[in-house]
Amino acid sequence: MSDIIHLLPESLANQIAAGEVVQRPASVVKELIENAIDAGATNIRVIVKDAGKSLIQVLDDGRGMSVTDARMCFERHATSKIKTSEDLFRIKTMGFRGEALASIAAVAHVQLKTKIREDELGTLICIEGSKVIDTEPTATVDGTSLEVKNLFYNVPARRNFLKSNSVEMRHIIEEFQRTALSYPEISYSLFQNDMEVYSLPSGKLVKRIVNLFGKNYQSQLVAIKEETPHFNLKGYIGKPEFAKKTRGEQYIFVNNRFIKSNYLNHAVMTGYENLMPKDYYPFFVLFIEIDPNHIDVNVHPTKTEIKFIDERTVYGIIMSAVRQSLGQHNIMPSLDYDMDINLDLSTKFGGENSRKTSQELNYERFRVDPRDKSNLSNWEELYEKADNQDPGSPKDQYIIESDFHSEHTDNNGSTIQKEDLYPLTFQVHGKYIISPVKSGVMIINQVYAHQRIIFENYLDNLNANSGTTQKLLFPISMELNPGDYALIMDIEEEIIRLGFDFNIFGKNSIVINGIPSGMSDINEKEVFEGLIEQFKFNKKKLEISTFENLAMSIARYTSLKEGKVLNDEECRSLIDRLFGCKNPNYSPYGESTYVILELEQLEGYFKNRN
Ligand code: ADP
Ligand code: MG
């Protein structure tokens, strides 16, 4: 048999390598920005069209390339950043593998214009699928411009695999934010389809954080600084009361390189221990400066994973530095999380305004189709034993009237005195609703029950497109970070179905004109922000549809909270609505909404055990 092994053509080898380095437009943005940083740029401009699918251009005022270097830079393993294997352990630059440009040029139409200060003229090179199409001298400014067009034009599988523009744009923004954070002394701008998304002047890190994430971050930051023989740590951490439900805004840089490390994230979180409720994530931007000898960045082509020689020491120092910074700023462990918007929202179940809403809730009960047994199955079980009860039994007074059924199925609209129902329903510990049932005692968790009610209500509205809106007297404008803005554009239609009414209002801003009906005494802006936060959180964790996610998010964010005191009538309303649900047994997040303490169980507790 003849020999069958042969070397792959260079272009194909590059295309294969590209699979690792260039996964999506955002990877190109990352690589090109990093090259600009390594070239000593003080100003970096990023231009994208169609979320990078048709164009990504990065312009810098760095040192540029000579004619020969300009030709060389697209070769695989061509780099100016390392020479020997020892250099691998002295890496101070972002790049060193010499494969980004080769990879990008293998899967796109690339145009490079570059000029070094000493030269009069610069160089223009056009390259498509690793083939040089054109090289010529050109008049251009000092520095480099790299244009990447039609990414993956020759890899249809990759191109088709790209997500919607808003998703890809979100990834680009993420990469942009990371590099912008790591070098606040460089000025950056980002344009999408000729619209300016960011314009970040050079300055201090605090200023960069504020410019990237919003003015309100200024007051949320606590400085952190620790110098040790092993490494130096500095940066900012967010005060615990500003922690969010999504992990998004957490950044660790090692020698200015953004890295992902669950281990070090855990160190920070441990530093916050007991200062935040469970499932909340604080903001942080931490810079670790360490001798390159003590780390290995060459773990993965994207270089976001790194190995520390002494990971445990790094962990310990980060954790205690976080703890110390929070301590110094007098951040007490007794932060009052109930002060949030959710509490205001839940006032629809109490106070002055409660009457109308409670009546509405009661009315809801009678709209349940009596023939639809599925809605009642739970009650049926609860009452099953009742039918066999001796009516004269002394326990009777603790038993819910079994005529609930007959009332319930009464279509004549005859008045029902709700006081007749659930005679002994009440709340304990601002948390549980206790109600006697035939088989024992039912204990309802008010939070989970209410979440189930809201969830089903909004899910129905979304499916039937029947969400109604209450117009705001004064529309509210909201400034969003570009990531959230892109997300909102992505699910705009669904948010409107929920009952929100909003318009786009210039760059990264929207105006809310209306909110879903039935919400009263709320801070509309906070509800909207909370909804988006929770949505992002769910999206990362769960495989669910957008409808379900939105309904779950609004449920979690607007439900009653623990500690909300309910009067008996409100308790009864909640029970009514819960058992009007299709699946009353669980919260949308899977927690049980109620338990029943069976009489037998109770009796067991009183038995003489001797
Ligand atoms: P690496 O960054 O790992 O060296 P790249 O393929 O990204 O590999 O780049 C190859 C080489 O091209 C770099 O080492 C650098 O010398 C040169 N280069 C790339 N981009 C720029 C730029 N914006 N300005 C100046 N030189 C650049
Ligand atoms: Mg590079």
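First, a word on what this report is: a plain description of the structure on this page.

## Description of the side chain of Glu494
In step 1: Along the polypeptide, Glu494 turns up in helix α16 (residues 492–498).
In step 2: Once you skip the residues sitting within four places of it in the chain, Glu494 turns out to touch Leu462, Thr546, Phe547 and Leu550.

## With respect to the pattern of salt bridges
In step 1: Evaluated as defined, the whole model comprises 21 salt bridges.
In step 2: Measuring nitrogen to oxygen at the nearest pair gives 3.6 Å for the salt bridge that ties Arg178 to Glu174. In this pair, Arg178 and Glu174 are both assigned in helix α6 (residues 165–182), 4 residues apart and thus about one turn of the helix distant.
In step 3: A salt bridge links Glu591 to Arg556; the shortest N-O distance between them is 4.0 Å. Highlighted residues: Glu591 in the loop between α19 (568–578) and β22 (594–598) and Arg556 in helix α18 (residues 546–558), separated in sequence by 35 residues.

## Considerations on the site of ligand 1
In step 1: Asn35, Thr79, Ser80, Lys81 and Gly98 are the nearest of the 18 residues found near ligand 1.
In step 2: Backbone polar atom of Gly98 to an oxygen atom of ligand 1: 2.7 Å apart, as the coordinates give it.
In step 3: A total of 530 Å² of accessible area belongs to ligand 1 in isolation, and the protein chains cover 93% of it.
In step 4: When its residues are assigned to classes, the shell around ligand 1 shows 7 nonpolar, 7 polar and 4 charged.

## Here we look at the sheet that holds strand β11 (residues 250–254)
In step 1: Strand order in the open sheet formed by 5 strands is β9-β10-β13-β11-β12, and the pairing between neighbours is mixed. The open sheet has two free edges, formed respectively by β9 (221–227) and β12 (257–259), since each of these has just one partner strand. Across the sheet, the axes of successive neighbouring strands diverge by a mean angle of 20 degrees, strand direction being ignored.

## So, unusual backbone geometry
In step 1: Backbone geometry places Ser130, a non-glycine residue, at a positive phi of 70 degrees.
In step 2: Take Ser130: it is sitting in the loop between β4 (122–128) and β5 (131–138).

## Describing empty space enclosed by the protein
In step 1: Considering all chains together, one arrives at 3 cavities of 30 Å³ or more under this definition.
In step 2: Volume-wise, the largest cavity comes out at about 100 Å³.
In step 3: Ile91, Asn255, Arg257, Ile295 and Val297 are the residues nearest the centre of the largest cavity, which is lined by 13 residues in total.
In step 4: Within the lining of the largest cavity, the residues separate by chemical class into 8 nonpolar, 2 polar and 3 charged.
In step 5: By volume, the second largest cavity amounts to about 80 Å³.

## Let's talk about the side chain of Glu31
In step 1: Along the chain, Glu31 turns up in helix α2 (residues 25–38).
In step 2: The side chain of Glu31 sits in the buried core without any salt bridge; Lys30 is the nearest counter-charge, 4.0 Å away.
In step 3: Ignoring sequence-local partners within four residues, the contact set of Glu31 consists of Val21, Ala100, Ile104 and Lys303.

## Considering the environment of Leu233
In step 1: Tracing the sequence through the fold places Leu233 in strand β10 (residues 231–238).
In step 2: Each C-alpha atom, one on Leu233 and one on Ile288, is 4.7 Å from the other, the two residues being 55 residues apart in sequence.
In step 3: When residues no more than four places from it in sequence are discounted, the contact partners of Leu233 are Ile224, Lys225, Glu226, Leu286, Phe287, Ile288, Ile318 and Ala321.

## Remarks on the pairing of strand β8 (residues 195–200)
In step 1: Note: strand β7 (residues 187–192) against β8, 5 bridges, orientation antiparallel. Pairing of Tyr188 across the sheet is with Leu200, part of β8.
In step 2: Between the end of β7 and the start of β8, which pair antiparallel, lie 2 residues, with Asn193 showing a positive phi angle near 45 degrees.

## Details of the packing of aromatic side chains
In step 1: As enumerated under the stated definition, the model contains 14 aromatic pairs in all.
In step 2: Seen in terms of ring centroids, Tyr251 and Phe253 are 6.3 Å apart; in terms of plane orientation they differ by 5 degrees. Their pairing is stacked.
In step 3: Note on Phe500 and Phe528: the rings are 5.2 Å apart at their centroids and 85 degrees apart in plane angle, and the pair reads as edge-to-face. Placement of Phe500 in the loop between α16 and β20 (501–504) and of Phe528 in helix α17 (residues 524–541) is noted, with a sequence separation of 28 residues between them.
In step 4: These aromatic residues form a ring-pair network of at least three members: Phe213, Tyr217, Tyr251, Phe253, Phe258, Phe283 and Phe287.
In step 5: The ring of Tyr589 carries the charged tip of Arg556 above its face, separated from the ring centre by 3.8 Å.

## Brief notes about the environment of Lys30
In step 1: Within the secondary structure, Lys30 sits in helix α2.
In step 2: Assessed through its relative accessible area of 9%, Lys30 is described here as buried.
In step 3: In the structure, Lys30 is positioned 70 residues away from Ala100 in sequence and 9.9 Å away in space, judged by C-alpha atoms.
In step 4: Apart from residues no more than four positions distant in its own chain, Lys30 is found in contact with Glu175, Thr302 and Thr304.

## Notes on the environment of Ile532
In step 1: Position of Ile532 among the secondary structure elements: in helix α17.
In step 2: Beyond its immediate stretch of four places on either side in the chain, Ile532 contacts Asp484, Leu487, Ile488 and Ile495.

The rules behind each value
- Every chain is numbered independently, its residues counted from 1 as its sequence is written.
- To read the labels, note that chains go from A and ligands from 1, taken in the order they are written.
- For a predicted model such as this one, the threshold for reporting local features is a pLDDT of at least 70, and the threshold for listing and counting side-chain atom pairs is 80 or more; totals across whole chains, interfaces and linings nevertheless cover every residue.
- Only hydrogens and water are removed before side-chain values are computed, so all heavy atoms of the structure are retained for them.
- Helix numbering and strand numbering both begin at the N terminus, where a helix is a DSSP run of H or I of at least 4 residues and a strand a DSSP run of E of at least 2.
- A contact between two residues is defined here by any heavy atoms of the two lying within 4.5 Å.
- Throughout this description, the term salt bridge denotes a Lys or Arg side-chain nitrogen within 4 Å of a carboxyl oxygen of Asp or Glu.
- Neighbouring residues are identified by heavy atoms, a residue being near a molecule or strand if any of them is within 4 Å of it.
- Whenever a nitrogen or oxygen atom comes within 3.5 Å of another N or O atom, the pair is scored as a polar contact, on the condition that within protein one atom can donate a hydrogen and the other can accept it, and that pairs from neighbouring residues in sequence are kept only if both atoms are in side chains.
- Only the protein chains shown count as cover for residues, with accessible areas throughout obtained via the Shrake-Rupley method and a probe of 1.4 Å.
- Residue type decides the class: Asp, Glu, Lys and Arg count as charged, Ala, Val, Leu, Ile, Met, Phe, Trp, Tyr, Cys and Pro as nonpolar, and the leftover types, Gly among them, as polar.
- Should DSSP find at least two bridges between two strands, the strands are taken to pair.
- Axis definition: a line fitted to C-alpha atoms, limited for helices to the stretch in contact. Angles are taken between N-to-C directions and run from 0 to 180 degrees.
- Both cavities and pockets are sets of points on a 1 Å grid over the protein atoms alone; in a cavity a 1.4 Å probe fits but cannot get out, in a pocket the set is open with protein on both sides within 12 Å along at least five of seven lines, and lining residues sit with an atom within 4 Å of a point.
- Grid points are joined across faces, edges and corners, and a volume is the space filled by probe spheres set on the points.
- Three exposure classes are used, based on accessible area relative to the maximum for each residue type with a 1.4 Å probe and protein chains only: buried under 20%, partly exposed in between, and exposed over 50%.
- Charge counting follows a simple rule: Lys and Arg are positive, Asp and Glu are negative, and His as well as the terminal groups are ignored.
- Only rings of Phe, Tyr and Trp enter the pairing, Trp through its six-membered ring, and a pair is recorded when the two centres are within 6.5 Å. The plane angle decides the type: under 30 degrees is stacked, over 60 is edge-to-face, the rest tilted.
- In this analysis the charged atom, NZ for Lys or CZ for Arg, is taken to sit over a ring once it is within 6 Å of the ring centre and within 35 degrees of the ring normal.

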